[in-house]
Amino acid sequence: MSSASDSPSPQTAAIRFQRLRLAVLGLGVLTLFAFAGSSAYDAWRSYRHSLVATDREIGNIANALADQTAWSLQAVDLLLRDTASWYTRAIHEIPAERLDDVLATRTAGVHQVRLITIVDAQGLQRHRSRGSSPPHLDVSDRSYFIAQRDRTVTGVFMSEPIITRSENRPGFVLSRRIADDQGRFAGVVTAIVDLEELKQFYGAINLGGGSAIHLLREDGTLLVRNPRTPDAVGRKFPELAATPLAPATRVLSQIDGKRDFIAVARVRDTPLELAVTRDEAIAMRPWSDETIRVGVRTLIITVLAALTIAALLRQLRRVEAGERALRESEERYALAMEGANEGHWDCDIATDRLFVSPKLKMLHGQSADTPVTTRTAWMARVAIHPDDAPRVQTALSNHFEGRTPQYECEYRVRQLHGEYRWLQTRGRCLRDETGKPFRFVGSAIDVTAQKQAQIDKEHLEAQLRQSQKMEAIGTLAGGIAHDFNNILGAILGYGELAQQHSPDGSALRRYLDSVMHAAGRAKALVDRILGFSRSGLGERAPVNIQSVIEETLELLAGSLPAGIRLEKRLEAGNAAVIGDATYLHQVAMNLCTNALQAMDHHGVLAVALERIELPERRSLSRGTLSPGPWVRLVVGDTGTGIPPAVLERMFDPFFTTKSVGAGTGLGLSLVHGIVSDLGGAIDVTTKVGEGTRFEIWLPIAGETAKPAAEAVRELARGNGETVLLVDDERPLVALGEEMLAELGYEPVGFDSSSAALQAFRAEPQRFDVIVTDEAMPDLIGTELAREIRRLRPAVPIILMSGYGGNQLTARAAAIGVNEVLRKPLQSRDLAESLARVLETVHEVS
């Protein structure tokens, strides 16, 4: 083993590693630059090759097509030469009337010629191969006649493009001079060459995408193009007829607006040129695709090489760090032990010697400098919670005896100030070849926060289950209340009519008053059930919460027992809460009534209302508050308090501790439903024998002034208006008809919505107002209203429902229903609603 003096110093090792890193980096960069340069050169060579190949390909095609076109036109020229020579002889040998037929026979073998004509020296057309010449047709002004007569050309002459009159086909005229025996000008023989033949020939050639064939005159006049472009034929494109051209010439085509490679070849013995073009983008696409592939490949290889270099450099750094770590291992180990968040132990089982880190001592409620020598002494010093000690001992025994692969346990330990905190410990035994443990190592960490989070989670889950249970019970209660409303409507309605027709002071009137009083209590109970089920929550609007609480306390003040003192502190000002004043009144009244009943005729009822700005989130016994402005209603009493068993169930619907007939069990459940629906929360603190304190927290939604008192309106009566009344309960229809008749209206009742709709369709102008129930078997009330609106849009409609709510109100308003009334109805409800809707109709009319 070498001595410490033989090892290199830290400075020497650092310099050596620095030189090695620079060498690796330099070699890698040179390799990358060489590879990138090679790829760029290959791309340049490929580009030049693509240019040459494209130019050679389209050049060869242009030359081949020019030669083929020349052979085709040479056949026409031979026909013209032969016809001119023949005509000078045939004019003396063949009768004039047979010359047209002979011309037709001579033309039959040349399919690209549509017509041959013979014109005399004066320019009059004498003979033609097809049809008969118009009498005295003078073509002396045509370019092909003038050119041959004046000898401006020698040999064949080609005219500008023409459209044949007989067949409306594109073509051009080839002409040759006819001379007599003395060589004098004797006329012109012409051949009309059909361009359609050339178009079909060029069209049969597939040059690939982006390529085109152009046949042009020397001046650039386009005669034929494939692919066809009818608008361009006859126009001049000098850029396509320019010769000679440099290799790989590109031009901007005026036909399609694209840059094209071009090759031009002259059609021999003719004033024609043939140009072949190919779209530059399409022609160079193989090169660009290959260049992209080479670029991507180069990039990938470059990135991989860079990563390799980086990995080598990193590995060199790791080797360097490893060497440095070997020199600093003891110091780093000590620092890691001190800075770790976990506490560690190491126990020699044979000798019972124990090492405990300072962090582990503090986690177990000991000071960091507490002396620890043996495991037995340590276990005697640590104060584990009595409920957890057996579990700790069992876990240790199971692991030491080999029944578990590792030791893991959670337990509570008392700290120096007496508080218990949760610890999670993990460890394992090192065993010899016989399986006997000889060393026990492990760690511990504080998990108090996680335990508290688990408790909070279980609490929230319990709240969720409670909320779901209350929602299900509320739905059931609302359905029962709806059905009961129909029964109660008949009792209240007929009871009210019987009251009106019974003598004051009679026994019958007394009995009816008792019936109406009991029915009124039943209606109030139904309203509370519907309120609990949330089907009866009214339209929400900003409500001055302080005015509602003041009104509630004024109602309570007159009925307070002599031994109960009311202390109030209302400091919310004009704070507004989005909700319904009636239900906010129910919240305050129910809480105050429960407080009064808990004090048994003596004590203090304390009511406070104040505004509070919450800076952070807060959890309450029934709900959670988010940061922001809140109004808090506090109702406290000095009564008997609430036992724990009752406290857990007191918000359940129909749960009550009162005697039979003294309570319904809906008060607090209604409070909970309304507050939750308004986005609020409830907090309850109680102590048996000292009293209870309820806190209602509601979110503030701005400011609103106290409402002004409304004047009492007299009961309005009708003037014989016809009212269509619809309800699927026949007794309620009969009751409604009597109520409407008493109010001065002419009722027409139906217990079938379909029958009512048929009656309205038959006489839509007969009825002045429609009153219909919502829940019916055929057509529900809103559907009936929609059909009536289609027949008569302006007729007033009133909808009745025993199970209403915001959704029904919104749906009815969308259809055009004027008002929605809650069942069971009484005469005043119906009279006031009818008066309002009829007054609106009169104002509109």
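Residue numbers run consecutively from 1 along every chain, following the written order of its sequence. The predicted nature of this model means local features are confined to residues of pLDDT at least 70 and side-chain atom pairs, given and counted, to a pLDDT of 80 or more, with totals for whole chains, interfaces and linings taken over all residues. Hydrogens and waters are ignored; side-chain quantities use all the structure's heavy atoms.

Some words on the sheet that holds strand E15 (residues 420-431)
And step 1. Two strands pair under a simple rule: DSSP has to find at least two bridges between them. A run of H or I in DSSP becomes a helix once it reaches four residues, and a run of E becomes a strand once it reaches two; helices and strands are each numbered from the N terminus. The strand order E13-E12-E16-E15-E14 describes an open sheet built from five strands, whose pairing is antiparallel. Two strands close off the open sheet at either side, each with one partner strand: strand E13 (353-356) and strand E14 (407-414). Across this sheet, the average inter-strand angle for adjacent strands is 20 degrees, counted without regard to direction.
And step 2. Alignment of E14 against E15, held across eight bridges, turns out to be antiparallel. Each residue of the ladder has a partner; that of Arg-414, found in E15, is Tyr-420. Here, axes are lines fitted to C-alpha atoms. For helices the fit covers the stretch in contact, and angles between N-to-C directions go from 0 to 180 degrees.

Some thoughts on the nonpolar core
It is characteristic of soluble globular proteins that their nonpolar side chains tend to be buried jointly.
And step 1. By nonpolar core is meant a set of buried Ala, Val, Leu, Ile, Met, Phe, Trp, Tyr and Cys residues that side-chain atoms within 4.5 Å join together. Type-normalised accessible area, obtained with a 1.4 Å probe on protein chains alone, sets the label of each residue: buried when under 20%, exposed when over 50%, and partly exposed for intermediate values. Counting 48 residues, the largest nonpolar core has Trp-86, Phe-172, Leu-174, Leu-215, Leu-274 and Val-276 as the members making the most contacts within it.
And step 2. A total of 15 residues in this core trace back to one element, the largest contributor, which is helix H1 (residues 10-93).
And step 3. Pairs of residues are marked as contacts when any of their non-hydrogen atoms sit within 4.5 Å. Ignoring any residue separated from it by four or fewer positions in sequence, one finds Phe-172 in contact with Leu-73, Met-158, Ser-159, Glu-160, Pro-161, Ile-162, Ala-191, Ile-192, Val-193, Leu-195 and Leu-223.
And step 4. Ranked by size, the runner-up nonpolar core spans 41 residues in total, among them Val-577, Ala-588, Leu-591 and Val-684.

Some words on the packing of helix H18 (residues 753-762) against helix H19 (residues 781-791)
Working note: a packed helix pair is described by the angle between its axes plus the distance between those axes.
And step 1. At a minimum axis separation of 11 Å, H18 and H19 run at an interaxial angle of 5 degrees. Here H19 runs roughly parallel to H18, going by the angle between their axes. For the pair H18 and H19, contact is made by Ser-753, Leu-757, Phe-760 and Arg-761 and by Leu-784, Glu-787, Ile-788 and Leu-791, respectively.
And step 2. Note on residue classes: Ala, Val, Leu, Ile, Met, Phe, Trp, Tyr, Cys and Pro are nonpolar, Asp, Glu, Lys and Arg are charged, and everything else, Gly too, is polar. In terms of residue class, the contact of H18 with H19 is built from five nonpolar, one polar and two charged. By definition in this entry, angles of less than 35 degrees are roughly parallel, angles greater than 145 are roughly antiparallel, angles of 65 to 115 are roughly perpendicular, and the rest are oblique.

Looking at the side chain of Thr-83
And step 1. The topology assignment puts Thr-83 in helix H1.
And step 2. Among the residues examined, Thr-83 registers a relative accessible area of 1% and is labelled buried.
And step 3. Here Thr-83 is in contact with Leu-103, Arg-106, Ile-116 and Val-189, once residues within four sequence places are set aside.

Comments concerning the packing of helix H13 (residues 545-557) against helix H14 (residues 581-599)
And step 1. Relative to each other, H13 and H14 sit at 45 degrees, their axes nearing to 9 Å. With respect to H14, the element H13 is oriented oblique. Remark: the crossing between H13 and H14 carries right-handed chirality. Contacts between H13 and H14 involve Ile-545, Val-548, Ile-549, Thr-552, Leu-553, Leu-555 and Leu-556 from the former and Ala-581, Leu-584, His-585, Ala-588, Met-589, Cys-592 and Leu-596 from the latter.
And step 2. Per-class residue counts for the contact of H13 with H14 are twelve nonpolar, two polar and no charged. Two helices cross in a left-handed way if the nearer one is turned anticlockwise from the farther one by less than a right angle. They cross in a right-handed way if the turn is clockwise.

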